[in-house]
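Breakdown of the fold
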Amino acid sequence: MNTRIDPAALEAAEAAPPSHDASDPTLLARMIEAGILVETGEDGIYGRSAAFEDVLERLSVAVTLLGADQNAEVLRFPPALRRRDFEDSEYLKSFPDLAGTIHAFQGNDADHRRLLAALDATIAAGDGERSDEWMDQQKPTRLVFTPAACYPIYPVIARRGALPEGGATFDVFSYCFRHEPSVDPSRMQMFRMREFVRLGSPGDVMTFREKWIERGSAFVKMLGLPFDIDLANDPFFGRGGKIVANSQREQQLKFELVIPVATPGRPTACLSFNYHMDHFGTLWKIDCANGDVAHSACVAFGMERTTLALFRHHGLDVRAWPDGVRALLWGDTQAAIDAALR
Ligand code: ATP
Ligand code: ZN
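Residues numbered from 1 in each chain as written. Chains lettered and ligands numbered in written order. Predicted model: local features only at pLDDT ≥ 70, side-chain atom pairs only at ≥ 80, totals over all residues.

Points about the overall build of the protein chain
- Tallying secondary structure elements over the protein chain gives 13 helices and twelve strands in all.
- What you see for the protein chain is a C-alpha radius of gyration of 22 Å, in line with the 20 Å of a compact globule of 342 residues.
- A burial count over the protein chain gives 34% of its 342 residues as buried.
- Considering only intrachain contacts with a sequence separation of at least 6, the fraction spanning at least 24 residues in the protein chain is 72%. (Helix = DSSP H or I, 4+ residues; strand = E, 2+ residues; numbered from the N terminus. Rg over C-alpha atoms; globule rule 2.2 N^0.38 Å. Buried ≥ 20, exposed ≤ 12 C-beta atoms within 10 Å, placed from the backbone. Contact = placed C-beta atoms within 7 Å.)

Structural notes on the site of ligand 1
- Ligand 1 sits among 18 residues. The nearest are Met188, Phe191, Ser272, Ala300 and Gly302.
- In terms of residue count, strand S11 (residues 268-277) provides more of the shell around ligand 1 than any other element does, four residues in total.
- Its residues assigned to classes, the shell around ligand 1 comprises nine nonpolar, three polar and six charged. (Near = placed C-beta within 6 Å. Nonpolar A, V, L, I, M, F, W, Y, C, P; charged D, E, K, R; others polar.)

Quick word on helix H9 (residues 238-250)
- The first and last C-alpha atoms of H9 sit 19 Å apart over 13 residues, in line with the 18 Å expected at 1.5 Å per residue.
- With zero of 13 residues buried, H9 is to be regarded as a mostly surface element. (Expected span 1.5 Å × (residues − 1).)

Observations regarding the packing of helix H3 (residues 50-66) against helix H11 (residues 303-314)
- Packing of H3 against H11 brings their axes to within 10 Å, and their N-to-C directions diverge by 115°. In terms of axis orientation, H3 runs roughly perpendicular to H11. The handedness of the crossing between H3 and H11 is right-handed. Across from Phe52, Val55, Leu56, Leu59 and Ser60 in H3, the residues of H11 making contact are Met303, Thr306, Thr307 and Leu310.
- By residue class, the composition of the contact of H3 with H11 is six nonpolar, three polar and no charged. (Axes fitted to C-alpha atoms, helices over the stretch in contact; angles between N-to-C directions. Parallel < 35°, antiparallel > 145°, perpendicular 65-115°, else oblique. Left-handed = near helix turned anticlockwise from the far one by under 90°.)

Let's talk about the domain arrangement of the protein chain
- Considered domain by domain, the protein chain is made up of domain 1 (7-100 + 147-341) and domain 2 (109-145).
- Residue-level contacts link ten residues of domain 1 with four residues of domain 2.
- When residues in the side of domain 1 that touches domain 2 are grouped by element, the largest group, three residues, is from strand S4 (residues 80-82).
- Of the residues in the side of domain 1 that touches domain 2, the class split is seven nonpolar, one polar and two charged. (Domains from an automatic or database assignment.)

Concerning the sheet that holds strand S12 (residues 295-302)
- Taken in spatial order, the seven strands make up an open sheet running S3-S7-S8-S12-S11-S10-S9, and their pairing is mixed. Every other strand in the sheet has two partners, leaving strand S3 (73-76) and strand S9 (228-232) as the edge strands with one partner each. Taken pair by pair, the neighbouring strands of this sheet meet at an average axis angle of 20°, ignoring direction. (Pairing = 2+ DSSP bridges.)

Topic: the sheet that holds strand S5 (residues 101-105)
- The strand order across the open sheet formed by three strands is S4-S6-S5, and the pairing between neighbours is antiparallel. Every interior strand has two partners, whereas the edge strands, S4 and S5, have only one. The mean angle between the axes of side-by-side strands here comes to 60°, regardless of whether they run parallel or antiparallel.
- Pairing of S5 with strand S6 (residues 138-145), which is carried by four bridges, proceeds in the antiparallel orientation. Bridge assignment links histidine 103 to a residue of S6, and that residue is proline 140.

A few points about helix H8 (residues 202-222)
- Compared with an ideal rise of 1.5 Å per residue, which puts 21 residues at 30 Å, H8 spans 30 Å between its outermost C-alpha atoms and is within 8% of the ideal.
- If you check which residues of H8 are buried, you get Asp204, Val205, Phe208, Trp212, Arg215, Gly216, Phe219 and Val220. Angular distribution of buried residues about the axis of H8 spans 125°; they occupy a single face of the element. Across from the buried face of H8, at angles greater than 90 degrees, the exposed residues are Gly203, Glu210 and Glu214.
- Looking at the buried side of H8, the elements it contacts are H3, strand S8 (190-200), strand S10 (254-259), S11, S12 and helix H13 (333-341).
- Phi turns positive, to about 70°, at glycine 224, one or two residues after H8. (Arc of directions from axis to C-beta.)

If you want it as structure tokens, here you go:
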């Protein structure tokens, strides 16, 4: 894990903040040094301090106010999906490499003895290369980790029957898991995603997405962060995935709001605006009130990424952040959001 702090690099970064591009590859090391993030020894898994959580929670409050006129139904789920729903979701078709399944010991006394013997051998390796033999005793549970905050809601909505007249909007929030260990702090293995999801006619959901590209942009401008809106694609797996990704771009199904954070030379997607067409509607058999298959779109706020972007651009001491940002997050958030929406 490459987060050890090189004092020379740290000093250089402090003396001359990166100017060629606004990303800062020393961000993770600096945040760990300052105690804002806490190392666990595993790339992409960090502890969060009170300072980090305070910013993230205030951002979440601001997002709630930003979407207050959406009449969204709030739905929260634990960060696990029923395995069966996950199987039906087709996630494994597109992103087999990112999914995380949950296993547990389900054996008898003899299996327990085997487990402990294998574990002894593992631990005996100490800090050396450890075997994963004890994992032979772990069997699949009926759960997998949630890969995106909107995944748990489609089967639940489907079970309710056709959507109401005018469609429906949902406000979702979840810790998500993606198996993509990285030394880039903005690519975590477990992170929080806040989304508004719209289901309805193609016109309804396209209008929704346009509105949120505008709103998301106004919001990030208020946060005092530099950004671009880019056409994007999801990281579909394998050779066939390239074709799917190209077609996603051609059809302009995904846009991202990108901010320079920690990746040298490449800004990071902090918000995304996705039009799924009738993919989820068809998959889960969700119909509009008139019987047409529902289309869907979502706007996703990467909560850790947006928080990291704030620390990157405004510094590690939140008391020294620009007045406008302080007013938005620690002052009259409602008034600041109202002003931005006008
Ligand atoms: P990327 O292209 O960077 O892998 P993505 O396009 O897969 O991201 P989405 O699937 O659209 O991301 O996820 C919604 C939001 O969740 C993103 O806009 C981002 O802010 C956040 N996000 C995605 N992956 C991660 C991650 N590994 N760590 C932290 N935040 C993430
Ligand atoms: Zn979504």
